[in-house]
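A structural walkthrough
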Amino acid sequence: MTASDHHRTFPDTAPPGDRPDPGRATPPHGRIRVLIADDQPIVLRGFAAVLRAQPDLAVVGTASDGAQAVRLARETHPDVALLDIRMPEMDGIEAARRILETEATRVIMITTFDLDDYVYDALSAGASGFLLKDVRANDLAEAVRTVARGDALLAPKITRRLVAEFARQRRPVPAGSPLTPREAEVLRLIARGLSNAEIAADLVVTEHTVKTHVARLLAKLGLRDRTQAVIHAYETGLIVPHT
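Once a new chain begins, its residue numbering starts again from 1 and follows that chain's sequence as written. In view of the model being predicted, local features appear only for residues whose pLDDT reaches at least 70, and side-chain atom pairs are presented and counted only at 80 or more, with totals across whole chains, interfaces and linings using the full set of residues. Here the side-chain values reflect all heavy atoms present in the structure, with hydrogen atoms and water set aside.

With that settled, the discussion passes to the pattern of salt bridges. The term salt bridge refers to a side-chain nitrogen of Lys or Arg lying within 4 Å of a carboxyl oxygen of Asp or Glu. This model, assessed by the stated rule, comprises 11 salt bridges. A salt bridge links aspartate 38 to lysine 133; its shortest N-O distance comes to 3.0 Å. With aspartate 38 in the loop between β2 (32–37) and α2 (41–52) and lysine 133 in the loop between β6 (129–132) and α6 (137–148), this pair connects stretches of sequence that are 95 residues apart. The partner of arginine 145 in a salt bridge is aspartate 56, with the nearest N and O atoms 2.7 Å apart. Taken together, the residues span a long stretch of sequence, with arginine 145 in helix α6 and aspartate 56 in the loop between α2 and β3 (57–63) at a distance of 89 residues. Per-residue accessibility, obtained with a 1.4 Å probe over protein chains only, is compared with the maximum for each type, and a residue is labelled buried under 20%, exposed over 50%, and partly exposed between these values. The buried category is assigned to arginine 145, whose relative accessible area is 19%. Residue classification places aspartate 56 among the partly exposed positions, given a relative accessible area of 25%. A single salt-bridge network, built from bridges that share partners, covers Asp56, Glu142, Arg145 and Arg149. Think of it this way: any DSSP run of H or I at least four residues long counts as a helix, any run of E at least two long counts as a strand, and we number them from the N terminus.

Given below as structure tokens:
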């Protein structure tokens, strides 16, 4: 999403930040509830406009700083929160930590920067995804859907650097791994970026069976979602990337 896209595509009609979006706090069943927090008004309005245009998404609130985002999350219980990393009052990473303490919300961190420290901090805080602010409109909407269904989401450039770093720092898999051989294989395929359908085809099993393996391995490892599963696979050396 370029600066010109903001001026050309997004109307300056979004409600101001720091309050729930009137009329959208209780969207119809089946719509993904989204909270957006960013201290740049043009980004906040732009992201909100893109997501409101999607029939399956509902913006339940907007905030201009992290403290407002935490308060709104507790009021509106969003399925997904888009949080800018650099915000006044409270940054997005701390806001993510506080939101995830009380809400069953998946968090996507958004930033202008792709510095490694931000990625590690965001994932450590429990974020399910990481996007740069120049994301295209269609990709933004799809990112929300991806994270809402529990899949991993990292901008491709960030993913390559993140994987390379974990490859350098990896350590041996702890003895007595709780995973069965099949669960370990599923985890390897998740870390390679395969979807459930692709894993099912690779292993010649049903997609339902794959979903069961994924749910069990996440529970055994105490992981929140597929993003954390990918990180775990590289951290422990379960998968070794070619770098």
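A relative accessible area of 1% places aspartate 38 in the buried class. Counting of polar contacts relies on pairs of N or O atoms within 3.5 Å, with two restrictions inside protein: one atom must be capable of donating a hydrogen and the other of accepting it, and residues adjacent in sequence are counted only when both atoms are side-chain atoms. At a separation of 2.8 Å, a polar atom in the side chain of aspartate 38 contacts the main-chain amide nitrogen of glutamine 40. If we ignore the near neighbours within four places in the chain, the residues touching aspartate 38 are Val43, Leu44, Ala63, Ser64, Asp84, Met87, Ile110 and Lys133. Here a residue-residue contact requires only that any non-hydrogen atoms of the pair lie within 4.5 Å.

The geometry of helix α8 (residues 181–191) relative to helix α10 (residues 207–221) is characterised by a closest axis approach of 10 Å and an angle of 95° between their N-to-C directions. Overall, the two elements α8 and α10 adopt an arrangement that is roughly perpendicular. Residues Arg182, Glu183, Val186, Leu187 and Ile190 of α8 form the contact with α10, whose participating residues are His213, Val214, Arg216, Leu217, Lys220 and Leu221. Gly is placed with the polar residues, together with every amino acid not listed as nonpolar (Ala, Val, Leu, Ile, Met, Phe, Trp, Tyr, Cys and Pro) or charged (Asp, Glu, Lys and Arg). A per-class count over the contact of α8 with α10 returns six nonpolar, one polar and four charged. Helix axes are fitted to C-alpha atoms over the stretch in contact, other axes to C-alpha atoms as well, and angles between N-to-C directions run from 0 to 180 degrees. Should an angle fall under 35 degrees it is taken as roughly parallel, and over 145 as roughly antiparallel, whereas 65 to 115 is taken as roughly perpendicular and any remaining angle as oblique.

Looking now at the nonpolar core. Judged by nonpolar contacts, the single largest core of 28 residues is most densely connected at Ala37, Leu83, Ile85, Ala96, Val107, Met109 and Phe130. At the level of secondary structure, the elements contributing two or more residues to this core comprise β2, α3 (66–76), β4 (80–84), α4 (92–102), β5 (106–111), α5 (116–124) and β6. Sort the elements by how many residues they give to this core and α4 lands first, with five residues. Excluding its chain neighbours within four sequence positions, the residues that come into contact with alanine 96 are Leu83, Val107, Met109 and Ala125. Residues belong to one nonpolar core when they are buried, are Ala, Val, Leu, Ile, Met, Phe, Trp, Tyr or Cys, and are joined through side-chain atoms within 4.5 Å. Membership of the second largest hydrophobic core comes to 22 residues, among which are Ile32, Leu57, Val135 and Val147.

Let's shift gears to the environment of glycine 92. Within the secondary structure, glycine 92 is located in helix α4. Along the chain, glycine 92 and aspartate 65 lie 27 residues apart, while their C-alpha atoms are 7.9 Å from each other. Ignoring sequence-local partners within four residues, the contact set of glycine 92 consists of Leu83, Asp84, Ile85, Met87 and Met109.

So, on to the packing of helix α9 (residues 196–203) against α10. Look at α9 against α10: their axes get within 8 Å of each other, and the N-to-C directions meet at 110°. Relative to α10, the element α9 is oriented roughly perpendicular. For the pair α9 and α10, the contacting residues are Asn196, Ala197, Ile199 and Ala200 in the first and Glu207, Val210, Lys211 and Val214 in the second. By residue class, the composition of the contact of α9 with α10 is five nonpolar, one polar and two charged.

Purely geometric stuff here, so don't read any function into it on its own.
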